[in-house]
Amino acid sequence: MEKTQNRYEAATVEELRNAKRLIVTVKGMEIGLFAVGEQFYAWRNICPHAAAPVCQGPVCGTRLPSLVYEYKYGKDQEIVRCPWHGWEFDLITGQHLVDEKVKLRGYKVEVEDGKVYVVI
Amino acid sequence: MTKPKIIDTDVHNAIARTEDLLPFLPRVWHEYWKSAGAGYGGGWHSPIGVLRSDAIPPGGGLPGSDPKHMLEHHFHKYGIDYGILTGSGILGISLNPNPDYGNVIASAYNDWLVETWLKASSVYKGSILINHADPQAAAKEIDRMAVNKNMVQVIMCSGSRMLFGQRFYHPIYEAAERNGLPVAVHPGTEGRGIAGAPTPSGYPTSYLEWHNILPTNYMAHVNSLVCEGVFEKFPLLKFVAIEGGIAWLPHLMWRMDKNYKGLRDLVPWLKRLPSEYIKDHIRLTTQPIEEPANNEQLNQILDMVDAGRTVMFSSDYPHWDFDNPKMALQPIRKELRQRILVDNAIELYGLNEAPSAAVTDAKAAAIKGE
């Protein structure tokens, strides 16, 4: 049986564009809304590692995989870094940068009439 | 073809008399060698000495200084097919304050090793001694000696002024990889010569205390090698951590992995978990094997480090803390014991075939002048 999905109003487009990140509560769950470039993403505010409020960590770039003693900056503002243990997650895919099996729980985001909805 | 049954990866061959090195040493250094020796003093005194008193050759001299006697007293006695020679009283030449002296002594030792030991029996396999304080010279020495196929690895002391992963040392790894040889380290020089203190908090009081804590230096070097990306830069390199114990490694692997998951951006050249580099590139030797009261705990520790491919038997003959191959590995379950006793060393050193008894005896007789 397919689970019924509903969408919930979570923020306005203007709010999210200005703040870049909002922590909202939807259906009793904390969700991090992120504006990355033109796109919006919604990730559950629980780190899969140790249940930290992952979405409240710094949003940043990172050092990309490189050759020994080379440093390459990239993914600017596309990374959220968990405030407890520093795990880096890709805000676009939700994936942990070390272990691809580890991923943030994500939700579909819909935009309509200036409002941001999360589909749960 | 007969497969070897036991390979001993840490056997100490000693220089019988100081003068024995002179034919291989430039004339300008003769007096210095005769008066100063290897010259990396300091260290801790053991009341029982480092060398086994039962291993003194019949003609006298240092234990481990007579190739013929060692064959009988150690190899034939325990059915050991090959021994990887690791030197004696000279390994710390990297810690002499004068790197030019370190270089010539290392070269003289290597030439002496070939003439005195490797030509004495095919049972003996050599380690190319290098002076790690001068990596460019060490690389040249590796190239010079690697043409002798009875040299099966590079060796240097684990006492040092810097951590071994640092770029200063990379010419050594580049040369070793180029020649298809593992790089081994051996402990015992920690806190001696120009090495740093043997612990970050200074100097232990007794030989016992110093000997207990040697593995912390191994932890520091292995950690450095992995974090600095040595195994990304030199993907074929193997690094042998001789006589440094085993049970500390699971802790280090797990701690490194845990930190890497949060701090990978500090070492963006690593592409895998640190523990995976360790299992692929670090090899350990058994002696002095840990002896927990419960044998099963040893097996568990060995499993944690994937000992079926990472750990090799060693006796440390003729040192005081010798491990008897017939006794020391008994707590280990059978199929794993076989891997440790011989298979891992066969694979690392390419010693697929046991030396034939005829060849061994003929060469031994020739050296004796019969």
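Taking an unreviewed UniProt entry as the reference, chain A is identified by name as Ferredoxin subunit of nitrite reductase or a ring-hydroxylating dioxygenase belonging to Paenibacillus catalpae.

A. The arrangement of the overall build of chain A in detail. Looking only at helices and strands, one finds 1 helix and 9 strands in chain A. Ordering the α and β elements of chain A from the N terminus gives β-α-β-β-β-β-β-β-β-β. Expressed as lengths along the three principal axes of its C-alpha atoms, the size of chain A is roughly 50 × 30 × 25 Å. Intrachain contacts of chain A at a sequence separation of at least 6 include 45% that bridge at least 24 residues. About 6900 Å² of surface is accessible on chain A, with carbon and sulfur atoms providing 47% of the total. Averaging the positions of the 16 positive and the 16 negative side-chain charges in chain A gives two centres separated by 4 Å.

B. Just the UniProt feature "domain: Amidohydrolase-related" (unreviewed entry) in chain B, in detail. Those places that UniProt annotates as "domain: Amidohydrolase-related" (unreviewed entry) correspond, in this numbering, to residues 107-351 of chain B. As annotated, residues 107-351 of chain B comprises 45% helix and 11% strand, and the C-alpha atoms at either end are separated by 25 Å.

C. Inspection of the side chain of Asp-323 of chain B at higher detail. Residue and element names in this part refer to chain B. By secondary structure assignment, the location of Asp-323 is in the loop between strand E8 (311-312) and helix H13 (334-349). Notably, Asp-323 is buried but unbridged: the nearest opposite-charge side chain belongs to Arg-52, and the N-O separation is 9.6 Å. There is a polar contact of 3.1 Å between the side chain of Asp-323 and the backbone nitrogen of Ile-289. Beyond its immediate stretch of four places on either side in the chain, Asp-323 contacts Thr-286, Gln-287, Pro-288, Ile-289, Phe-313, Ser-314, Ser-315 and Ala-328.

D. Fine view of the packing of helix H9 (residues 248-263) of chain B against helix H10 (residues 274-281) of chain B. Residue and element names in this part refer to chain B. H10 packs onto H9 with a crossing angle of 140° between their chain directions and a minimal axis gap of 7 Å. Judged on the interaxial angle alone, H10 and H9 are oblique. Contacts from Leu-249, Met-253, Met-256, Asp-257 and Tyr-260 of H9 reach H10 at Pro-274, Ser-275, Ile-278 and Lys-279. Tallied by class, residues from the contact of H9 with H10 come to 6 nonpolar, 1 polar and 2 charged.

E. Up close: the packing of aromatic side chains. Residues and elements named next belong to chain B. Per the stated rule, a full pass over the model turns up 17 aromatic pairs over all chains. Ring plane angle 75° and centroid distance 4.7 Å describe the contact between Tyr-32 and Tyr-101, whose orientation is recorded as edge-to-face. Here Tyr-32, found in helix H1 (residues 30-36), pairs with Tyr-101, found in helix H3 (residues 99-118); they are 69 residues apart in sequence, far enough to count as distant. Owing to a relative accessible area of 39%, Tyr-32 belongs among the partly exposed residues under this scheme. With a relative accessible area of 0%, Tyr-101 lands in the buried category. An angle of 40° between the planes, with centres 5.5 Å apart, marks the rings of Tyr-109 and Trp-112 as tilted. Of this pair, Tyr-109 and Trp-112 both sit in helix H3, 3 residues apart, which is roughly one turn of that helix. Taken as a pair, Tyr-109 and Trp-112 share a single burial class, namely buried. Connected via pairs of aromatic rings, a cluster forms that spans Trp-44, Tyr-203, Tyr-207, Trp-210 and Trp-320. It is Arg-52 that lies over the ring of Phe-322; its NZ or CZ is 4.4 Å from the centre.

F. Structural detail: the sheet that holds strand E5 (residues 59-63) of chain A. Residues and elements named next belong to chain A. Within the open sheet, the 3 strands sit side by side as E5-E6-E7. Their pairing is antiparallel. Among the strands making up the open sheet, the edge pair consists of E5 and strand E7 (88-90). The sheet shows a mean angle of 60° between the axes of neighbouring strands, taken without regard to direction. Pairing of strand E6 (residues 73-81) with E7, which is carried by 3 bridges, proceeds in the antiparallel orientation.

G. Molecular detail of the interface of chain A and chain B. Residue-level contacts link 18 residues of chain A with 19 residues of chain B. Roughly 1500 Å² is buried in total at the junction of chain A and chain B, and carbon and sulfur atoms are behind 57% of that figure. Applying the counting rule to chain A against chain B returns 2 salt bridges. Across the pair Arg-81 of chain A and Asp-265 of chain B runs a salt bridge whose closest N-O atoms are separated by 3.0 Å. Between chain A and chain B we count 9 residue pairs in polar contact (both at pLDDT 80 or more) in total. Here the side of chain A that touches chain B is built from residues that sort into 9 nonpolar, 5 polar and 4 charged.

H. Seen up close, the packing of helix H4 (residues 135-145) of chain B against helix H5 (residues 170-178) of chain B. Residues and elements named next belong to chain B. Between H4 and H5, the shortest axis-to-axis distance is 8 Å and the interhelical angle comes to 10°. Our classification of the angle between H4 and H5 gives roughly parallel. Listed contacts from H5 to Pro-135, Gln-136, Ala-138, Ala-139, Ile-142 and Asp-143 of H4 are Pro-171, Ile-172, Ala-175, Ala-176 and Arg-178. Counted by class, the contact of H4 with H5 contains 8 nonpolar, 1 polar and 2 charged residues.

I. Focus on a nonpolar patch on the surface. Residue and element names in this part refer to chain B. On the surface, Ile-48, Val-50 and Trp-320 cluster together into a nonpolar patch covering about 270 Å² of accessible area. In this structure, Val-50 sits in the loop between H1 and helix H2 (67-78). A residue is classified by how much of its surface remains accessible, and Val-50, at 36% relative accessible area, is partly exposed.

J. Region of interest: the pairing of strand E8 (residues 106-112) of chain A. Residues and elements named next belong to chain A. Where strand E4 (residues 39-44) and E8 come together, 2 bridges link them in antiparallel fashion. Bridge pairing in E8 places Ala-42 opposite Tyr-107. Pairing between E8 and strand E9 (residues 115-119): 5 bridges, direction antiparallel. Pairing of Lys-108 across the sheet is with Val-119, part of E9. Linking E8 to E9, which pair antiparallel, is a turn of 2 residues; within it Asp-113 sits at a positive phi near 50°.

K. Molecular detail of the sheet that holds strand E2 (residues 21-26) of chain A. All names here are of chain A. Taken in spatial order, the 6 strands make up an open sheet running E1-E9-E8-E4-E3-E2, and their pairing is antiparallel. The sheet is open, and its two edges are formed by strand E1 (7-12) and E2, each paired on a single side. Each strand of the sheet is rotated relative to its neighbour by a mean of 30°, with strand direction disregarded.

L. Seen up close, the environment of Glu-112 of chain A. Residue and element names in this part refer to chain A. Within the secondary structure, Glu-112 is located in strand E8. Using a relative accessible area of 38% as the deciding quantity, one classes Glu-112 as partly exposed. Between the C-alpha atom of Glu-112 and that of Cys-47, which follows or precedes it by 65 residues, the distance is 29 Å.

Rules used in this analysis
- Residues numbered from 1 in each chain as written.
- Chains lettered and ligands numbered in written order.
- Predicted model: local features only at pLDDT ≥ 70, side-chain atom pairs only at ≥ 80, totals over all residues.
- Heavy atoms only, no water.
- Helix = DSSP H or I, 4+ residues; strand = E, 2+ residues; numbered from the N terminus.
- Contact = heavy atoms within 4.5 Å.
- Areas by Shrake-Rupley, 256 points an atom, 1.4 Å probe, with all protein chains shown as cover.
- Lys, Arg positive; Asp, Glu negative; His and termini not counted.
- Charge placed at Lys NZ, Arg CZ, Asp CG, Glu CD.
- UniProt positions renumbered as here; feature names shortened; annotations may be inferred.
- Buried < 20%, exposed > 50% of the residue type's maximum accessible area, 1.4 Å probe, protein only.
- Salt bridge = Lys/Arg side-chain N within 4 Å of Asp/Glu carboxyl O.
- Polar contact = N/O pair within 3.5 Å; in protein donor to acceptor, adjacent residues only side chain to side chain.
- Axes fitted to C-alpha atoms, helices over the stretch in contact; angles between N-to-C directions.
- Parallel < 35°, antiparallel > 145°, perpendicular 65-115°, else oblique.
- Nonpolar A, V, L, I, M, F, W, Y, C, P; charged D, E, K, R; others polar.
- Phe/Tyr/Trp six-rings, centres within 6.5 Å; stacked < 30°, edge-to-face > 60°.
- Lys NZ or Arg CZ within 6 Å of the ring centre and 35° of its normal.
- Pairing = 2+ DSSP bridges.
- Buried area = accessible area lost by both parts, 1.4 Å probe.
- Patch = residues over 30% accessible without salt bridge, like charges linked within 9 Å, V, L, I, M, F, W, Y side chains within 5 Å.

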